[in-house]
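Structural description and commentary
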Amino acid sequence: MNSKIIPMQNNLVLIYLFLIGLTFGSFFNVVGLRVPLKKSIVAPGSACPTCGHQLRAYELIPVLSYMIQKGKCRGCQSRISPIYPTMELITGILFATAPLVVGWSSELVLALTLISMFIIIIVSDIHYMIIPDKILIWFAGIFLLERIIWPLNPWWDNLIGACAGFTLLLIIALVSKGGMGFGDVKLYALLGFVLGFKLVLISFFLSTLYGAVLGGLAMLLRIVKRRQPIPFGPFIAAGTLSAYYWGSEMIELYIRFLNQGF
Ligand SMILES: [Zn+2]
């Protein structure tokens, strides 16, 4: 996708999107943490997991509260996981940068939906190594609606993409015997539906590339042990967003490269 030139007055909109992203990120943290435990996402309000201290409004300001409290609970001084503010910040940045890449188009709606789903999935995957079915079902409904309103060209590319994503990951899940979970298989069926055949293949290629490079690096630096399972969700998110943003250009470049010969 070509990046569109953004007029000045839209800078305010980008800041607004950043703030919305921070707030949504905070909510996605709650969803990603509670849904796998089958807890309600609205009640009770957030509390410190160590001492049960109920968080007040001023302790729930995304990123800022964490910085002011220096990452500690006001009740018991125990450390708050830096994952919370990090996910809030990432959501804010991804929300604000999406229109710079895809422009102010229907693709922006799909990009923001993808980002939202991925943040929730990453939170669940980091904490529990699970991609909850419930999350996939909610987002399948949203994506179905979005692709009815803004279909791929040709429209059946959705179905081919979903079949390709499902089959590819199913084979890998069966061959790797647990290295790739069935949550990933279902997620890729959905991603194939959203992206279509070509882009879902690129998404898979980039996800495994990022996973191999960063996973290998983490092993070299001894951040993770050999054979320790690594949540694959963050890599799928990075690979899929890259494919969604720049996949068509990558295909074009590749074809031009092939045509020019070696
Ligand atoms: Zn506490």
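Residues numbered from 1 in each chain as written. Predicted model: local features only at pLDDT ≥ 70, side-chain atom pairs only at ≥ 80, totals over all residues. Heavy atoms only, no water.

**Some points on the overall build of the protein**
The helix and strand inventory of the protein stands at 9 helices and 0 strands. Taken from N to C terminus, the helices and strands of the protein fall in the order α-α-α-α-α-α-α-α-α. Dimensions of the protein, computed from C-alpha atoms along their principal axes, come out at roughly 65 × 50 × 35 Å. The buried share of the protein, reckoned over its 262 residues, is 43%. For the protein, the share of sequence-separated contacts (at least 6 apart) that also reach a separation of at least 24 residues comes to 70%. (Helix = DSSP H or I, 4+ residues; strand = E, 2+ residues; numbered from the N terminus. Buried < 20%, exposed > 50% of the residue type's maximum accessible area, 1.4 Å probe, protein only. Contact = heavy atoms within 4.5 Å.)

**Topic: the coordination of the zinc ion**
Distances from the zinc ion to its protein donors, C48 (SG), C51 (SG), C73 (SG) and C76 (SG), fall within 2.3 Å. Classification of the site at the zinc ion as tetrahedral follows from its 4 donor atoms and the range of 104 to 116° in their angles at the metal. Taken in sequence order, the residues that donate to the zinc ion follow the motif C-x2-C-x21-C-x2-C. A residue pair is termed long-range when its members are at least 10 positions apart, and C51 in the loop between helix 1 (10-34) and helix 2 (64-68) and C73 in the loop between helix 2 and helix 3 (83-102) qualify at 22 residues. Judged by its relative accessible area of 4%, C73 is buried. (Donors = N, O, S within 2.8 Å, 3.2 Å for Na, K, Ca; no water. Tetrahedral: all angles 85-135°; square planar, octahedral: opposite > 155°, others 65-115°.)

**A closer look at the domain arrangement of the protein**
The domain architecture assigned to the protein consists of domain 1 (1-130) and domain 2 (151-262). Centre-to-centre separation of domain 1 and domain 2, based on C-alpha positions: 24 Å. At the junction of the two partners, domain 1 supplies 18 residues and domain 2 supplies 18 residues. Around 1600 Å² of area is buried between domain 1 and domain 2 when both sides are counted, 76% of it from carbon and sulfur atoms. For the interface between domain 1 and domain 2, the tally reads 0 salt bridges. (Domains from an automatic or database assignment. Buried area = accessible area lost by both parts, 1.4 Å probe. Salt bridge = Lys/Arg side-chain N within 4 Å of Asp/Glu carboxyl O.)

**Quick word on the pattern of salt bridges**
A complete count under the given rule lists 1 salt bridge for this structure. Across the pair K186 and D133 runs a salt bridge whose closest N-O atoms are separated by 2.6 Å. Placement of K186 in helix 7 (residues 182-195) and of D133 in helix 5 (residues 133-149) is noted, with a sequence separation of 53 residues between them.

**Some points on unusual backbone geometry**
Cis rather than trans, the peptide bond between A43 and P44 has omega equal to -5°. Assignment of secondary structure puts P44 in the loop between helix 1 and helix 2. Of the consecutive residues N153 and P154, the connecting peptide bond is found in the cis state with omega at -5°. You can see P154 is positioned in the loop between helix 5 and helix 6 (157-176). If you check the backbone angles, K38 has positive phi at about 60° while not being a glycine. Residue Q77 is not a glycine yet carries a positive backbone phi of 65°. Within the fold, Q77 resides in the loop between helix 2 and helix 3.

**As for the side chain of S203**
Locating S203 in the fold gives a position in helix 8 (residues 197-220). On the basis of relative accessible area, S203 is assigned to the buried category, the value being 0%.

**Quick word on the packing of aromatic side chains**
Enumeration according to the criterion identifies 8 aromatic pairs in this entry. Judged by centre distance (5.8 Å) and plane angle (80°), the rings of F24 and F28 are edge-to-face. Of the two residues, F24 and F28 both sit in helix 1, 4 residues apart, roughly one turn of that helix. On the basis of relative accessible area, F28 is assigned to the buried category, the value being 5%. Ring centres of Y244 and Y245 lie 6.4 Å apart, and the angle between their planes is 45°; this geometry places the pair in the tilted category. Its relative accessible area of 3% is what places Y244 among the buried residues. (Phe/Tyr/Trp six-rings, centres within 6.5 Å; stacked < 30°, edge-to-face > 60°.)

**Side note on the packing of helix 4 (residues 106-128) against helix 9 (residues 233-260)**
Running from amino to carboxyl end, helix 4 crosses helix 9 at an angle of 170°, the nearest separation of the two axes being 9 Å. The angle between helix 4 and helix 9 falls in the class roughly antiparallel. Across the interface between the two elements, E107, L110, A111, L114, I115, F118, I122 and D125 from helix 4 touch G233, P234, I236, A237, T240, L241, Y244 and Y245 from helix 9. Partitioned by chemical class, the residues of the contact of helix 4 with helix 9 number 12 nonpolar, 2 polar and 2 charged. (Axes fitted to C-alpha atoms, helices over the stretch in contact; angles between N-to-C directions. Parallel < 35°, antiparallel > 145°, perpendicular 65-115°, else oblique. Nonpolar A, V, L, I, M, F, W, Y, C, P; charged D, E, K, R; others polar.)

**Things to note about the nonpolar core**
L114, M117, L191 and Y245 are the most contacted members of the largest nonpolar core, which has 52 residues in total. Mapped by element, the contributors of at least two residues to this core are helix 1, helix 3, helix 4, helix 5, helix 6, helix 7, helix 8 and helix 9. If one sorts the elements of this core by residue count, helix 4 sits on top with 13 residues. Here this core spans two domains, since at least three of its residues come from each of domain 1 (1-130) and domain 2 (151-262). (Core = buried A, V, L, I, M, F, W, Y, C linked by side-chain atoms within 4.5 Å.)

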